[in-house]
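Descriptive structure summary
Listed below, chain by chain, are the residues.
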Amino acid sequence: MTVEQATSETVSAAPAPLVESEVGPLRSVLLHRPGAELKRLTPRNNDQLLFDSIPWVDRAQEEHDAFAEVLRGRGVEVLLLAEVLRSALDDPRAHTAGVHAAVDARRLGTELADVLRSHLSSVDASVLAEVLMAGMTFEELPAAEGTSLVRKMNHPRDFAVDPLPNLLFTRDSSAWIADRVAISSLTMPARRRETAVLDLIYAYHPRFQRAARAYGAHSAPIEGGDVMLLAPGVVAIGVGERTSAAGAESLARSVFADDLAHTVLAVPIEQSRATMHLDTVCTMVNTDAVVMYPLARDSLEAFTLHPGDDGGLRVDGPEPFLTAAAKAMSIDRLRVIDTGLDPVTAEREQWDDGNNTLAVAPGVVVGYERNVETNERLEAAGIEVLRIAGSELGSGRGGPRCMSCPVVRDSV
């Protein structure tokens, strides 16, 4: 059997992507193990690259490996982004697109851009994948004849191709809604090129080539951390620092047109670093329960969107989020598990991603071990918590949900 035949058989045997809820038993997930891109972080650039501190990379990798093993131990197939990207880049069309995604002629100038394109066109998929993820400094650029003002005026350790340390948070750059993938239109400059990486994976990796798109990467700003599948046919979208009202409206129109949802809740959230996405204040832990930042419980509202008779949208509200969510989900109420007894504890644990849990099954979630009180309150409410270390992983402000893009979940 050839390698191509073996790959084809493996792909055909894999379950087709399908995610209809936040809590259905998790079968397959896309993660990104931290790599050389984190070693690009320095005190000079970490703010620009959206990290609060400089992570200890070896420890971050150990923590991530343990996270992946917890999932595998629950029968979850773990797809690693770097491996999937390298496989996709074996396709010559993907390789060409990857070179294009890496080289910004407006930044490098025509001559230097041509030199870099020529060099990257000659490297194999592994090298190109590394450049796409970890970037390239000016001193790492290939030597060339002639003089480049751009090369001379940049410090050797400045980036000719920016690294993507936030690839770690695979939830933000894409999200599956039923059997379609929504590729995010990322807001922050440090993350925009992630879109091209995910575009390559979903367009050219054999596992995803037949998958349809739910949203285009060049549409209005929307990020996966703001997209929550409350129940089959019910999508909540946070509108705040990273997702705009236009993005929420565009995604709503898309999922209605594709018959992926009957109700979309647009949920305004505070535009701040601490609450950058909806999943920093609220995540599903069971079919009828959420873990929620207490200060958001009474203030969170939602506009309810339905398809209009004329092909447009009908927008109702706002009304309290918990009320709107229960109505849309056709349940009496959405149970809330608060993340702290006092405001100080709640604020500390929200900052440390206590609300950012990943459900691997109804009533079973992965959470950071450091959020002691949140985990105790979850367990007191009947939720099993699979604790993982996150002292280094959390330096980019993201928890288990942020670090995972479910690809296949069973129905609930």
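What you see is a predicted model; the values in this text were computed from it and never measured.

What to know about the overall build of the protein
Along its length, the protein carries 15 helices and 19 strands. For the protein, the C-alpha radius of gyration of 21 Å lies close to 22 Å, the compact-globule estimate for 412 residues. Dimensions of the protein along its principal axes, counting C-alpha atoms only, are 70 × 45 × 45 Å. Every one of the 412 residues in the protein was classed for burial, and the buried ones make up 57%. Taking the contacts inside the protein whose residues are at least 6 apart along the sequence as the reference set, 72% of them involve residues at least 24 apart. When the accessible surface of the protein is summed, it comes to about 17,100 Å², and 49% of that surface belongs to carbon and sulfur atoms. Distance between charge centroids for the protein: 2 Å, based on 39 positive and 59 negative side chains.

Concerning helix H4 (residues 92-102)
For H4, the complete set of buried residues consists of Ala94, His95, Gly98, Val99, Ala101 and Ala102. Down the axis of H4, the smallest arc covering the buried residues is 160°, so these residues share one side. Of the exposed residues in H4, the ones pointing more than 90 degrees away from its buried face are Pro92, Arg93, Thr96 and His100. Tucked into the core, H4 has its buried residues touching helix H3 (81-89), helix H6 (110-122), helix H7 (125-134), strand E4 (159-161) and helix H10 (194-204).

Quick notes on the layout of surface pockets
Looking at the largest pocket, its volume works out to about 850 Å³. Of all elements in the fold, only H4, helix H5 (105-108), E4 and H10 reach the threshold of two or more residues within the lining of the largest pocket. Looking at the lining of the largest pocket, the element that brings in the most residues is H10, giving six residues. Looking at the lining of the largest pocket, its residues break down into 17 nonpolar, six polar and eight charged.

Quick notes on the pattern of salt bridges
For the structure on display, the rule yields 26 salt bridges. For Arg27, the salt bridge identified is with Asp410, shortest N-O distance 2.7 Å. With Arg27 in strand E1 (residues 26-31) and Asp410 in the segment after strand E19 (405-409), this pair connects stretches of sequence that are 383 residues apart. Asp410 gets classed as partly exposed once you look at its relative accessible area, which sits at 29%. With a closest N to O distance of 3.4 Å, Arg180 and Asp258 form a salt bridge.

Things to note about the sheet that holds strand E17 (residues 364-368)
Read across the sheet, three strands follow the order E16-E17-E18 without closing on themselves; strand pairing throughout is mixed. Of all the strands in the sheet, the pair left with one neighbour each is strand E16 (358-361) and strand E18 (384-388). In this sheet, adjacent strand axes meet at a mean angle of 30° when their direction is disregarded. Bridge count between E17 and E18: five bridges; the pairing is parallel. When the bridges of E18 are listed, Gly367 appears paired with Arg387.

Topic: the packing of aromatic side chains
Under the definition given, this model contains three aromatic pairs. Each ring, one from Trp176 and one from Tyr202, has its centre 5.6 Å from the other, and the planes form 85°; the classification is edge-to-face. Of this pair, Trp176 sits in strand E5 (residues 174-177) while Tyr202 sits in helix H10, and the two are 26 residues apart along the sequence. By relative accessible area, which is 3% here, Trp176 ends up buried. Classification of Tyr202 by relative accessible area gives buried; the value is 2%. Geometrically, the ring pair formed by Trp176 and Phe208 is tilted, given 6.0 Å between the ring centres and 35° between the ring planes. Remark: Phe208 occurs in the loop between H10 and strand E7 (212-215) and Trp176 occurs in strand E5; sequence separation between them is 32 residues. Each residue in the set Trp176, Tyr202 and Phe208 is aromatic and connected to the rest through ring pairs, giving one cluster.

Section: empty space enclosed by the protein
Evaluated as defined, the whole model comprises five cavities of 30 Å³ or more. Within this model, the largest cavity holds a volume of roughly 100 Å³. Every residue lining the largest cavity is counted, 13 residues in all, and those nearest its centre are Val19, Glu22, Arg171, Trp176 and Leu229. Elements that contribute at least two residues to the lining of the largest cavity include exactly E5, strand E8 (227-231) and E19. Looking at the lining of the largest cavity, its residues break down into eight nonpolar, one polar and four charged. What the second largest cavity holds in volume is close to 60 Å³.

With respect to the UniProt feature "active site" (unreviewed entry) in the protein
UniProt annotation of "active site" (unreviewed entry) refers to Cys402 when read in the numbering used here. Here Cys402 shows up in the loop between E18 and E19.

Remarks on helix H15 (residues 372-380)
For an α-helix, the turn length of 3.6 residues means that residues three or four places apart are oriented alike. For H15, the full list of buried residues reads Glu373, Thr374, Asn375 and Leu378. Looking one or two places after H15, you find Gly382, whose phi comes out positive at around 90°.

What to know about the pairing of E19
Burial runs high along E19: five of the five residues are buried. Where E1 and E19 come together, four bridges link them in antiparallel fashion. Note on E19: the bridge partner recorded for Ser28 is Val408.

What counts as what
- Residues numbered from 1 in each chain as written.
- Predicted model: local features only at pLDDT ≥ 70, side-chain atom pairs only at ≥ 80, totals over all residues.
- Heavy atoms only, no water.
- Helix = DSSP H or I, 4+ residues; strand = E, 2+ residues; numbered from the N terminus.
- Rg over C-alpha atoms; globule rule 2.2 N^0.38 Å.
- Buried < 20%, exposed > 50% of the residue type's maximum accessible area, 1.4 Å probe, protein only.
- Contact = heavy atoms within 4.5 Å.
- Areas by Shrake-Rupley, 256 points an atom, 1.4 Å probe, with all protein chains shown as cover.
- Lys, Arg positive; Asp, Glu negative; His and termini not counted.
- Charge placed at Lys NZ, Arg CZ, Asp CG, Glu CD.
- Arc of directions from axis to C-beta.
- 1 Å grid on protein atoms, 1.4 Å probe; cavity = no way out; pocket = protein on both sides within 12 Å on 5 of 7 lines; lining within 4 Å.
- Points joined across faces, edges and corners; volume = space filled by probe spheres on them.
- Nonpolar A, V, L, I, M, F, W, Y, C, P; charged D, E, K, R; others polar.
- Salt bridge = Lys/Arg side-chain N within 4 Å of Asp/Glu carboxyl O.
- Pairing = 2+ DSSP bridges.
- Axes fitted to C-alpha atoms, helices over the stretch in contact; angles between N-to-C directions.
- Phe/Tyr/Trp six-rings, centres within 6.5 Å; stacked < 30°, edge-to-face > 60°.
- UniProt positions renumbered as here; feature names shortened; annotations may be inferred.

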